[in-house]
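Residue strings, one per chain:
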Amino acid sequence: MLGYVRAFKPEMKIKDFELYRGVYCSLCRALGRLYSPVAQLFLSYDFAFAAILRLAAGECGCEFSKKRCPYNPLKKCMICGSRKELDFCAHAVIITVYYKVIDNLHDGGIKSKLLAALIYPVVRLMHKKAARLAPEIDKIIGNAMKNQAECEKKKDVCIDEAAHHSADALGKVFSIGFEGERKNSLYNLGYMVGRFVYILDAADDLEKDLKNGSFNPFAKEYSDISDPEIRKAFAKRAEEMLNLTQSSALDAMDSLEKKRFEDILENIVFDGLTFSGEIVLKKYLPAEKKKTYRVD
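The text that follows walks through the structure, step by step, so that each part is easy to find. (Residues numbered from 1 in each chain as written. Predicted model: local features only at pLDDT ≥ 70, side-chain atom pairs only at ≥ 80, totals over all residues. Heavy atoms only, no water.)

## What to know about the packing of helix 2 (residues 45-57) against helix 9 (residues 262-281)
Between helix 2 and helix 9, the shortest axis-to-axis distance is 10 Å and the interhelical angle comes to 140 degrees. Taken together, the axes of helix 2 and helix 9 are oblique relative to one another. Crossing hand, helix 2 versus helix 9: left-handed. Judged by residue contacts, F49, I52, L53 and A56 of helix 2 engage I264, L265, I268 and V269 from helix 9. In the contact of helix 2 with helix 9, the residues fall into 8 nonpolar, no polar and no charged. (Axes fitted to C-alpha atoms, helices over the stretch in contact; angles between N-to-C directions. Helix = DSSP H or I, 4+ residues; strand = E, 2+ residues; numbered from the N terminus. Parallel < 35°, antiparallel > 145°, perpendicular 65-115°, else oblique. Left-handed = near helix turned anticlockwise from the far one by under 90°. Contact = heavy atoms within 4.5 Å. Nonpolar A, V, L, I, M, F, W, Y, C, P; charged D, E, K, R; others polar.)

## Some words on the pattern of salt bridges
For the structure shown, the criterion picks out 16 salt bridges. For R54, the salt bridge identified is with E85, shortest N-O distance 2.5 Å. Note that R54 is positioned in helix 2 and E85 in helix 3 (residues 83-107), a separation of 31 residues in sequence. The exposure class of R54 is buried, given its relative accessible area of 4%. On the basis of relative accessible area, E85 is assigned to the buried category, the value being 10%. Its salt-bridge partner being K172, residue D168 comes within 3.1 Å of it at the nearest N-O pair. In this pair, D168 and K172 both sit in helix 6 (residues 159-175), 4 residues apart, roughly one turn of the helix. Note on D168: relative accessible area 15%, which makes it buried. Linked by salt bridges that have partners in common, E59, R182, E257 and K259 make up one network. (Salt bridge = Lys/Arg side-chain N within 4 Å of Asp/Glu carboxyl O. Buried < 20%, exposed > 50% of the residue type's maximum accessible area, 1.4 Å probe, protein only.)

Given below as structure tokens:
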């Protein structure tokens, strides 16, 4: 995930935002405890969403206490005491970063390759531990990256095929350890969120990928993205795809039996994804049609 899956603070209650930040801070601590302070640099709100989702679906309670942030001792943070799911997501962070680094070493631009080469030795060591502690996650993400690379070598790849592998991997990771209807709901929600992120990232990178000659499932149909009419047509099509995917994600979330954090999850999947989509797509629209955001 790439930073698109996060809460929309203006629509959150203060207590929910404190809990949301608490899970984020707790995941940060888990990365530092399990791997090193370097691992904390890879944290994003996307993985905080994964942690909140699994905590919401789990049977165990979730106790919070206030502790001081090691990087800002003057500030106290809400810290979640449920280590199992936080450690699970910490392993997923490291494994995802490792395969992303490998991908950048092979197919990235010059800057991406240099950065990947710089951090590879450290990430490789952390990945050895993560793969040992969470082999199922490593297998799922490793296979997805391999299948994604093979998919991108094909000449005519539709957006559905291109988005499938990363979406399928996210669905499988989200549902590890659960059974029955809860497992199906978590898989479907993970799949749709993964598909949303893939489509949105492809839309966000379209101009850059066309310039660099990199793979993008939209590149063939919208090769002349500098044309204002084509830009508007692309924005409309991408918005329709995102809306349909988000609607399916909301249906999957509604079907999930949640023990806690229901309002936070609804904010992320509805308000948060909507806001992320608007921020990306507005750059393809004429200035007078760009949306503005006002909080009364």
